[in-house]
Amino acid sequence: MSKNTDAALSQLPVAVIGSGPVGLAAAAHLLERGLTPIIFEAGDSPAAAVNAWGHIRLFSPWQYDVDAAARRLLEGTGWQEPDADTLPTGAELLELYLRPLAAVPAMSGALHLNSEVVAVTREGLDKTRTGGRENTPFLLRIRDEHGSVSEHRVRAVIDASGTWNNPNPLGQAGLPAAGEAEAYAAGFITVPLPDVAGRERARFAGRHVLVVGAGHSAANTLLALGELAEQEPDTRISWAIRRSSAASVYGGGDLDGLPARGALGSRLRALVEEGRIELHTSFTITGFKAADSLTVVGSTPSGETQLDVDLLVPATGFRPSLDMLREIRLDLDPAVEAPRQLGPLIDPEFHSCGTVEPHGARLLAHPEKDFYIVGMKSYGRAPTFLMATGYEQVRSIAAALAGDQEAADKVELVLPETGVCSTDLGGSCDTDASCGTDSAAEEASCCGTPEPYTAAEPEAASSCCGTAPEPEPAASSCCSAPEPAFLGIPTGLAHGRSAREES
């Protein structure tokens, strides 16, 4: 490639797909490196997906929710950073951080709303063409809210589009159940994490609601429905899981090393044991029949079962949509659909929290030079992503795109000693003086000073995240002020699905 061609390519902007926390952080790091971002957001406002779950409280406090480059960009605007130890809701994350960040002139001038990326390719080259590929600009095809299509040439692409709009199917073996599409179309199946006690209250009050799933998203919704049912007694709640027991969702109860989390787990267990939530275990959905209500057909050890409900809330996780990347040369892990080098480090068969290594540009690279998938989407189908991990991903990638490979390879995460981890049901640092558990497989860290993990990829640190309901006060505390509880799991332990199945 000639020097003139090389110079022309370097003058093009770097495309960032998505304006959520990680997408905006990517743009902030690009700006700090003297590169020009162009941000495409499918929604009508910055971080539109966050607005959809604004009623949910994060597990991670503010100190882990604000990206360093974004903070530096905001400091010149008079922005007031929220208290580091407070757990924000999605709405607070949006109002107090993401919207102010998107409004910074350097950011707002690069942000294109109502701009859905429908395809990414190389200008004039489909996936099969190799000659000159690395030195050819990327071409993004964009569709606006009116259906009009435009195309943009860029030098590199950072896909931070997330997974929110692509929930996992409800059927078995990763496939939609018979009639699932029709049930969605008829409005019987809601979005994940609906605001049942707030803006969508009227839709759920007095109805029979089925929640499907066994993670913290399901727990959040069930607890909210329990509160709604106290005020609206005609509200009926059912809960279906594929597992034979809900014990892992409940947590350790009184034996939990994190009492606030245990109290919340006990609360959910009590709702089930009191009959206020009807639990269906070993329930695999095989079909739907939509009429005046929704009939959910399930396979159980006792044979086929049918549940007649008014609404179904899916809480079965998300998966990445790769349709727009059909003409990009990707190298994905065959199991979790993350970048191949990252896949084994986050596979939920073996990892949940505490064993994910810090990673940056090298582990996230694909055969398509200067193309990266970051944030939640980079984890594919694995549910262990932490926002702070995404911030470190894009810091490393921006350094690589700017030609600073040394900085790109020095991957750092400043996290509590055993990692910031999601808990099934939330918690707080209000624990006893030991700040620990009795389990050899789990080690609680809530009061220690955060220490940095620094690695030339790939030395071990940890990352995972989640959301939590409103934290409850506890009677005692090992900290000077209430803080969120973080559960760390020592590196090297198999503690994902495989460990659960072996126990």
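Located above this text is the structure these notes cover.
Residues numbered from 1 in each chain as written. Predicted model: local features only at pLDDT ≥ 70, side-chain atom pairs only at ≥ 80, totals over all residues. Heavy atoms only, no water.

## Here we look at the overall build of the protein
So, step 1. On a plain count of helices and strands, the protein comes out with 16 helices and 21 strands.
So, step 2. Scored against the burial criterion, the 503 residues of the protein give a buried share of 53%.
So, step 3. A separation threshold of at least 6 residues defines the contact pool for the protein, and within that pool the share at least 24 residues apart is 74%.
So, step 4. As displayed, the protein has an accessible area near 21,100 Å², and 49% of this comes from carbon and sulfur atoms. (Helix = DSSP H or I, 4+ residues; strand = E, 2+ residues; numbered from the N terminus. Buried < 20%, exposed > 50% of the residue type's maximum accessible area, 1.4 Å probe, protein only. Contact = heavy atoms within 4.5 Å. Areas by Shrake-Rupley, 256 points an atom, 1.4 Å probe, with all protein chains shown as cover.)

## A word on the pattern of salt bridges
Side chains that carry opposite charge are capable of pairing whenever their charged atoms lie near each other.
So, step 1. Summed over the entire model, instances satisfying the criterion amount to 24 salt bridges.
So, step 2. Put simply, R362 and D409 hold a salt bridge, and the shortest N to O gap is 2.7 Å. Highlighted residues: R362 in helix α13 (residues 361–364) and D409 in helix α15 (residues 405–409), separated in sequence by 47 residues.
So, step 3. Classification of R362 as partly exposed rests on a relative accessible area of 46%.
So, step 4. Taken together, the salt bridges that share partners define one network made up of R122, R133 and E368. (Salt bridge = Lys/Arg side-chain N within 4 Å of Asp/Glu carboxyl O.)

## Thoughts on the packing of aromatic side chains
So, step 1. In total, this model carries four aromatic pairs according to the counting rule given.
So, step 2. Judged by centre distance (6.3 Å) and plane angle (45°), the rings of W79 and Y97 are tilted. Within this pair, whereas W79 is found in the loop between α4 (68–75) and α5 (90–103), its partner Y97 is found in helix α5, the two being separated by 18 residues in sequence. As far as burial versus exposure is concerned, W79 and Y97 are alike and both buried.
So, step 3. Ring geometry for W239 and Y250: centres 6.4 Å apart, planes at 70°, overall edge-to-face. Placement of W239 in strand β10 (residues 236–240) and of Y250 in helix α10 (residues 247–250) is noted, with a sequence separation of eleven residues between them.
So, step 4. Residue placement shows R122 over the ring face of F138; its charged tip is 3.7 Å from the ring centre. (Phe/Tyr/Trp six-rings, centres within 6.5 Å; stacked < 30°, edge-to-face > 60°. Lys NZ or Arg CZ within 6 Å of the ring centre and 35° of its normal.)

## Re the environment of R395
So, step 1. When you line up the elements, R395 lands in helix α14 (residues 387–401).
So, step 2. The spatial distance from the C-alpha of R395 to the C-alpha of V411 is 8.9 Å, given a sequence separation of 16 residues.
So, step 3. Residues contacting R395, with those up to four places away along its chain left out, are H29, A407, A408, K410 and V411.

## Focus: the packing of helix α2 (residues 21–32) against α14
So, step 1. Closest axis-to-axis distance for the α2/α14 pair is 9 Å, and the angle between their directions is 30°. Classified by the interaxial angle, the pair formed by α2 and α14 is roughly parallel. α14 is crossed by α2, and the crossing has right-handed handedness. Counting all contacts with α2, which are made through P21, V22, A25, A26, H29 and L30, the residues of α14 involved are M387, G390, Y391, V394, R395, A398 and L401.
So, step 2. Tallied by class, residues from the contact of α2 with α14 come to ten nonpolar, two polar and one charged. (Axes fitted to C-alpha atoms, helices over the stretch in contact; angles between N-to-C directions. Parallel < 35°, antiparallel > 145°, perpendicular 65-115°, else oblique. Left-handed = near helix turned anticlockwise from the far one by under 90°. Nonpolar A, V, L, I, M, F, W, Y, C, P; charged D, E, K, R; others polar.)

## Section: the nonpolar core
So, step 1. Counting residues in each nonpolar core, the largest one holds 60 residues, and the members touching the most others are Y97, V374 and L401.
So, step 2. In contact with Y97, other than residues within four places in its own chain, are W62, D65, V66, D67, A70, L74, W79, E92 and Y391.
So, step 3. A246, V249, L268 and V272 belong to the second largest nonpolar core, which has 26 residues in total. (Core = buried A, V, L, I, M, F, W, Y, C linked by side-chain atoms within 4.5 Å.)

## Let's talk about the pairing of strand β14 (residues 303–309)
So, step 1. Relative to β14, strand β13 (residues 294–300) runs antiparallel, the two being bridged by seven bridges. Along β14, the bridge assignment pairs V297 with Q306. (Pairing = 2+ DSSP bridges.)

## Thoughts on α4
So, step 1. Buried within α4 are the following residues: A69, A70 and L74. In an axial view of α4, the angular spread of the buried residues amounts to 135°, which keeps them on one side of the axis.
So, step 2. Against α2 and α5 lie the buried residues of α4. (Arc of directions from axis to C-beta.)

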